[in-house]
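Okay, here's what each chain looks like letter by letter:
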Amino acid sequence: LGQVLANLACMSAILFICSTITLKFLGFTTDVIEGLINHTISHSMPALNDVLREKLTNNILGIITNPLFPGTLVVTWIIFVVFNAMIAQALLVKFDYNLVTKPNYKKLTLPNWISLPFVGAAVITLFSVYVNGASTEFFGRNLSTIFSIPYFFLGLAVIHDLADSSKLKTLYLTLTYLVLIISGGPEQPNWAAIMIVAIGVLDHWLMVRNLIPHAKN
């Protein structure tokens, strides 16, 4: 699973770079995107009055033109792919149709090479902030978001592994996912997700999971 997550992140990063360059080359400016949104709304909801149509257009435009929209879109897609695969695997195991052994998600590990693009994207982001380069920062922040996904799942694996050593496992995991869901907002970073990514990075680089008593055995 770790190798699959790393490959998905790399494929998504390549697709993001190629699509961004292509859209820029084709002249997809904010005005063009606004015109396409307005045209789509006008034809799909002709009964909508001008005030509501303009408000809806501005709301959609605000979401699409958000600097982190591409990275967020990719992250959402990868999360859905992974969870759908996990559900499918669970059903195959339940009905005894699985061809391979059910993976132990709590023992997830990542390939070492995934650190290179992750650190590279973070360096690009920091450099662009220092030199005030908007385009470079756009690429750096979105690539950092995309390459953080494998570490996010690794962090969740560590949290589940840690929960197994607690007598309040259900409460512990419920609170974790509740905080993850309500943390952050449309205009604010999800600090819980960032903390989970940090846990994944620490585990990948320092093997903090070995500090869990039962994980050593």
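Thresholds, definitions, all that
Residues numbered from 1 in each chain as written. Predicted model: local features only at pLDDT ≥ 70, side-chain atom pairs only at ≥ 80, totals over all residues. Heavy atoms only, no water. Helix = DSSP H or I, 4+ residues; strand = E, 2+ residues; numbered from the N terminus. Buried < 20%, exposed > 50% of the residue type's maximum accessible area, 1.4 Å probe, protein only. Areas by Shrake-Rupley, 256 points an atom, 1.4 Å probe, with all protein chains shown as cover. Phe/Tyr/Trp six-rings, centres within 6.5 Å; stacked < 30°, edge-to-face > 60°. Axes fitted to C-alpha atoms, helices over the stretch in contact; angles between N-to-C directions. Parallel < 35°, antiparallel > 145°, perpendicular 65-115°, else oblique. Left-handed = near helix turned anticlockwise from the far one by under 90°. Contact = heavy atoms within 4.5 Å. Nonpolar A, V, L, I, M, F, W, Y, C, P; charged D, E, K, R; others polar. pLDDT = per-residue confidence, 0-100. Expected span 1.5 Å × (residues − 1). Arc of directions from axis to C-beta.

1. Comments concerning the overall build of the protein
Then comes step 1: Summing up its helical and strand segments, the protein has 10 helices and zero strands in all.
Then comes step 2: Of the regular secondary structure in the protein, the N- to C-terminal order runs α-α-α-α-α-α-α-α-α-α.
Then comes step 3: Projected onto its principal axes, the C-alpha positions of the protein cover 65 × 45 × 35 Å.
Then comes step 4: Residues counted as buried form 31% of the 217 residues belonging to the protein.
Then comes step 5: Accessible area of the protein: about 14000 Å², with a carbon and sulfur share of 70%.

2. Describing the environment of His39
Then comes step 1: On the secondary structure map, His39 appears in helix H2 (residues 30-44).
Then comes step 2: For His39, a relative accessible area of 47% gives the class partly exposed.

3. A word on the packing of aromatic side chains
For any pair of aromatic rings, the description rests on two quantities: the centre-to-centre distance and the angle between the ring planes.
Then comes step 1: Evaluation of the coordinates by the stated rule reveals six aromatic pairs.
Then comes step 2: Plain terms: the ring middles of Phe16 and Phe138 are 5.8 Å apart, the flat faces sit at 50 degrees to each other, and that makes the pair tilted. Of the two residues, Phe16 is situated in helix H1 (residues 2-26) and Phe138 in helix H6 (residues 134-147); the sequence distance between them amounts to 122 residues.
Then comes step 3: Phe16 gets classed as buried once you look at its relative accessible area, which sits at 4%.
Then comes step 4: Taking relative accessible area as the criterion, Phe138 reaches 25% and is therefore assigned partly exposed.
Then comes step 5: When the ring of Phe138 is compared with that of Phe139, the centres are 5.7 Å apart and the planes differ by 80 degrees; the resulting orientation is edge-to-face.

4. Quick word on the packing of H2 against helix H3 (residues 50-64)
Each pair of packed helices gets described by two things: the angle between the helix axes and the distance between those axes.
Then comes step 1: One can describe the packing of H2 onto H3 by two numbers: an axis separation of 10 Å at closest approach and a directional angle of 135 degrees. As judged from the angle between their axes, H2 and H3 are oblique. In this structure, H2 crosses over H3, and the sense of that crossing is right-handed. Within the contact between the two elements, H2 uses Thr30, Ile33, Glu34, Ile37, Asn38, Ile41 and Ser42 and H3 uses Arg53, Leu56, Thr57, Asn58, Ile60, Leu61 and Ile64.
Then comes step 2: When its residues are assigned to classes, the contact of H2 with H3 shows seven nonpolar, five polar and two charged.

5. Some points on the confidence of the model for the protein
Then comes step 1: Per-residue pLDDT for the protein has a mean of 85; in total, 96% of the residues score no lower than 70.
Then comes step 2: Of all secondary-structure elements in the protein, the lowest mean pLDDT belongs to helix H10 (residues 213-216), at 53, while helix H9 (residues 191-206) reaches the highest, 92.

6. Focus on H2
Then comes step 1: The end-to-end C-alpha distance of H2, which contains 15 residues, comes to 21 Å, matching closely the 21 Å that a straight helix rising 1.5 Å per residue would cover.
Then comes step 2: For H2, the set of buried residues is Ile33, Ile37 and Ile41. An end-on view of H2 places all buried positions within 65 degrees of arc, on one side of the element. Opposite the buried face of H2, by more than 90 degrees, sit the exposed residues Asp31 and His43.
Then comes step 3: Buried residues belonging to H2 abut H3.

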